[in-house]
Number of protein chains: 2
Amino acid sequence: MQPKEGWTLKIGELSKATGASIRSLRYYEKQGLIAPVRTESGYREYHKFAVEQVKTIRLYLNLGLSTEQIAGFLHCVLMNEEAFCREVLPVYRQKLKEIDEQIQTLVRIRSNLEERIQSILSERTDNESTEGTNDEH
Amino acid sequence: MQPKEGWTLKIGELSKATGASIRSLRYYEKQGLIAPVRTESGYREYHKFAVEQVKTIRLYLNLGLSTEQIAGFLHCVLMNEEAFCREVLPVYRQKLKEIDEQIQTLVRIRSNLEERIQSILSERTDNESTEGTNDEH
DNA sequence: ATTGACTCTGACATTAATGTCACGGTCTAT
DNA sequence: ATAGACCGTGACATTAATGTCAGAGTCAAT
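These numbers come from a predicted model, not from an experiment.

Peer 1: Could you clarify how one ought to interpret the protein's contact with DNA strand C in this entry?
Peer 2: Lining the immediate environment of DNA strand C, one finds 20 residues, of which A:Gly12, A:Arg26, A:Arg44, B:Ser21 and B:Thr67 sit closest. Within 4 Å of the protein, the contacting atoms of DNA strand C are 71% sugar and phosphate, with bases supplying the remainder. At a separation of 2.7 Å, a base oxygen of DNA strand C approaches a polar side-chain atom of B:Arg23. Counting only elements with at least two residues in the surface near DNA strand C, the list comes to helix 1 (11-18) and helix 2 (22-30) of chain A together with helix 2 (22-30) of chain B. When residues in the surface near DNA strand C are grouped by element, the largest group, four residues, is from helix 2 of chain B. Looking at the surface near DNA strand C residue by residue, the classes come out as eight nonpolar, seven polar and five charged.

Here it is in structure tokens:
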């Protein structure tokens, strides 16, 4: 049964669509990050939006945030329940601050790295004229 | 024995100077991230540079990099063995790419968050004139 | 009705980073 | 030389995220 129009996914389909393992999807659910409904027979039924949601979750996870941290603001970011979210404003602000810090940190690392690269490059062209300056990719 | 001039640290001192636990410092060593020398009696003796090194390590760890990944380029970043580092250039470039992606992602998340905040704020002043517009900090 | 692909739950395993505890050696001051 | 603070190793525990496996139910097609 191909996902027809704007429909629901079973867990295996969602897994393939997002790259997250089935195991992980169930884990995310237990952590309160996604909430599929259930069919009569107990199968998980995911809204099509879940694809984006899960991708977002994985993205956060890759940045070193924990499911707990993510859970702290994800229902607001993902679902559009602004009304419900008013009380959550300080949380947003806090997150914003944290993200800013992370960005700063990354930028610092980035320029550090770039400096290193530059210094290697300049030393190289210094000693060995131009040999192996090719990008190997 | 206070660290006099440009001297060495024992593990406890390094721990206090960096915020990393003694346990973690030993772990970093086992992972090949730092290499203190040993006194006759077997005590670890850290160079004063180790303070910066460890801070850098923790920074990377906080960004979700593993000790293994860090080890992959840290000897180059930390020690100034550029000559030895030439072969490691592609690794640098790869990292740089990853970091750029992470930054991009974060920036995206950031503006998403900011949008949310704005929309909550505007909705609020929309409905309730000016009540509770105070920052709760 | 039977098969095969999919799903469910639950349990156990694993990896990374860290904590903690036990037991023993070291260093310094008294 | 004895105490107290520090250090060494090794073992076991823990947390987070994920893998894997077992036993059973579901669904679709034949």
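Moving on from the coordinates now.
Peer 1: Just to check I follow, could you spell out the sheet that holds strand 3 (residues 44-47) of chain A for this structure?
Peer 2: Pairing between sheet strands relies on hydrogen bonds along the backbone, with the strands arranged either parallel or antiparallel. All names here are of chain A. Within the open sheet, the three strands sit side by side as 1-3-2. Their pairing is antiparallel. Either end of the sheet is taken by a strand with one partner, and the two such strands are strand 1 (8-9) and strand 2 (37-38). With two bridges connecting them, strand 1 and strand 3 associate as antiparallel partners. In the sheet register, threonine 8 faces strand 3, and the bridge partner there is histidine 47.

Peer 1: How should I be thinking about the side chain of A:Arg44 in this particular structure?
Peer 2: Residues and elements named next belong to chain A. Here arginine 44 lies in strand 3. With relative accessibility at 18%, the residue arginine 44 sits in the buried group. Side-chain polar atoms of arginine 44 contact the side chain of glutamate 29, separated by 2.7 Å.

Peer 1: I'm lost on the protein's contact with DNA strand D in this one. Help?
Peer 2: Around DNA strand D, 19 residues are found, and the nearest of them are A:Ser21, A:Arg23, A:Tyr43, A:Thr67 and B:Arg44. Here B:Tyr43 contributes a side-chain N or O atom positioned 3.3 Å from a base oxygen of DNA strand D. Put simply, the parts of the chain that give the surface near DNA strand D at least two residues each are helix 2 of chain A together with helix 1 (11-18) and helix 2 of chain B. The class makeup of the residues in the surface near DNA strand D is seven nonpolar, seven polar and five charged.

Conventions used here
Every chain begins its residue count from 1, and numbering advances along the sequence as written. Throughout, the order in which chains and ligands are written sets their labels, letters from A for the former and numbers from 1 for the latter. Thresholds applied to this predicted model are a pLDDT of at least 70 for local features of residues and 80 or more for the giving and counting of side-chain atom pairs; totals over whole chains, interfaces and linings are not thresholded and use all residues. Remark: hydrogens and water are excluded; side-chain values derive from all non-hydrogen atoms of the structure. Consider each residue's heavy atoms; a residue with any of them within 4 Å of a molecule or strand counts as near. Pairs of N or O atoms are called polar contacts if they sit within 3.5 Å, as long as, within protein, a hydrogen donor faces a hydrogen acceptor (for residues adjacent in sequence, only side-chain-to-side-chain pairs). By the criteria applied, helices consist of DSSP H or I runs no shorter than four residues and strands consist of E runs no shorter than two, each listed in order from the N terminus. Polar here means any residue outside two lists: the nonpolar Ala, Val, Leu, Ile, Met, Phe, Trp, Tyr, Cys and Pro, and the charged Asp, Glu, Lys and Arg; Gly therefore counts as polar. Two strands qualify as a pair provided DSSP detects at least 2 bridges between them. Burial classification: accessible surface area is computed with a 1.4 Å probe over protein chains only, and a residue below 20% of its type maximum counts as buried, one above 50% as exposed, and the rest as partly exposed.

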